[in-house]
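Chain residues, written in single-letter form:
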Amino acid sequence: MSAIDDLPPLRAVIAEHGLSARKSLGQNFLLDLNLTAKIARQAGDLSSSDVLEIGPGPGGLTRGLLAEGARRVLAIEKDARCVPALQQIADTYPGRLEIVNGDALEIDPEARLTPPIRIAANLPYNVGTELLTRWLDPPDWPPFWTSLTLMFQKEVAERIVARPGSKAYGRLAILAQWRSEARIVMELPPEAFTPPPKIRSAVVHLTALPEPRFPAPADRLFRLTTAAFGQRRKMLRASLKPLHPEIEDILAEAGIAPTRRAEELSVEEFCTLARTWAAR
Ligand code: SAM
């Protein structure tokens, strides 16, 4: 019996199902169920939400989410070896855990979930960043999720919450902060994982805002931030020149000095610039 439920400890689960960690799948498991329950609590009120979990592995975070009262969990796991271990959890929480064996990058989970939907995951970092970008940039806003609680390498977490003027500030910060509230809620040392990764990790919690913080056409904002941060040391009049021959006029109209650099502009200023450009 474990700290949070009647299931066996995760080390025993891993031994029973032969779940040796595979590097190719980015498998660094959390085995401390007190810790996974703590991460689950960061996701907010779960009792009235469906939770989408990506990459449950042997089920540490899944068990945390269920023990913390999640109404339902949909868990998408690429590694078929994990399914029997996850099935034991489903049997302990009848009707509350659905397991899908597949690649989260190719599966559309929306039809299987009932709003409000919260997303929680401890994912390999490449998959995590790809999914985060997709979740933050859907065609319509608000998105299908109300919150994201995601483990990242600490350096990526810092880029998500970065403020103007800092080295970490860039496209990801603007994408995240334009339409959601983002904060780092936990930091974890490598020893929290089995096997331990080389880097420190952090959990970021993002809450979707009902509407964007400032109005702006998404496609223009995307092109502006890509160009501006693509050459972040250059003045905006140079880095944005490829976007429009009269970019200096557009900058002036938006009230932004053309000698400023990308990392000095707030999210609001980028949005003003996107609107001014679109109005041309
Ligand atoms: N959530 C577990 C935990 O906290 O112990 C496992 C975390 S481990 C860092 C990442 C998990 O994501 C692994 O179980 C891995 O097999 C799974 N995974 C990797 N790529 C995936 C993908 N594209 N779709 C779904 N799951 C994936």
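Throughout what follows, the structure given in this document is the object of discussion. (Residues numbered from 1 in each chain as written. Predicted model: local features only at pLDDT ≥ 70, side-chain atom pairs only at ≥ 80, totals over all residues. Heavy atoms only, no water.)

Examining the overall build of the protein chain
Part 1 of the reasoning: On a plain count of helices and strands, the protein chain comes out with eleven helices and nine strands.
Part 2 of the reasoning: Relative to its length of 280 residues, the protein chain is compact, with a C-alpha radius of gyration of 21 Å against a globular reference of 19 Å.
Part 3 of the reasoning: Its C-alpha atoms put the protein chain at 65 × 35 × 25 Å along the principal axes.
Part 4 of the reasoning: Considering only contacts in the protein chain between residues 6 or more positions apart, those separated by 24 or more positions represent 69%.
Part 5 of the reasoning: Element-wise, carbon and sulfur atoms account for 51% of the exposed surface of the protein chain, whose accessible area totals about 12600 Å².
Part 6 of the reasoning: Counting 35 positive and 34 negative side-chain charges, the protein chain places the averaged centre of each group 6 Å from the other. (Helix = DSSP H or I, 4+ residues; strand = E, 2+ residues; numbered from the N terminus. Rg over C-alpha atoms; globule rule 2.2 N^0.38 Å. Contact = heavy atoms within 4.5 Å. Areas by Shrake-Rupley, 256 points an atom, 1.4 Å probe, with all protein chains shown as cover. Lys, Arg positive; Asp, Glu negative; His and termini not counted. Charge placed at Lys NZ, Arg CZ, Asp CG, Glu CD.)

A few points about the sheet that holds strand β2 (residues 50-54)
Part 1 of the reasoning: Taken in spatial order, the seven strands of this open sheet run β4-β3-β2-β5-β6-β9-β7, and their pairing is mixed. Since the sheet does not close on itself, it has two edges, and those belong to β4 (97-101) and β7 (180-188), each with one partner. Neighbour-to-neighbour, the strand axes of the sheet open up by a mean angle of 20°, direction not taken into account.
Part 2 of the reasoning: Against the sheet, helix α6 (residues 154-161) engages β6 (147-153), β7 and β9 (201-208), with an angle of about 135° to β6.
Part 3 of the reasoning: Here helix α7 (residues 171-179) sits on the sheet in contact with β7 and β9, set at roughly 120° to β7. (Pairing = 2+ DSSP bridges. Axes fitted to C-alpha atoms, helices over the stretch in contact; angles between N-to-C directions.)

Some words on the packing of aromatic side chains
Part 1 of the reasoning: For the structure on display, the rule yields three aromatic pairs.
Part 2 of the reasoning: Members of the aromatic cluster, joined through ring pairs, are Tyr169, Phe229 and Phe270.
Part 3 of the reasoning: Across the ring face of Trp277, the terminal group of Arg220 is positioned such that the distance to the ring centre comes to 4.6 Å. (Phe/Tyr/Trp six-rings, centres within 6.5 Å; stacked < 30°, edge-to-face > 60°. Lys NZ or Arg CZ within 6 Å of the ring centre and 35° of its normal.)

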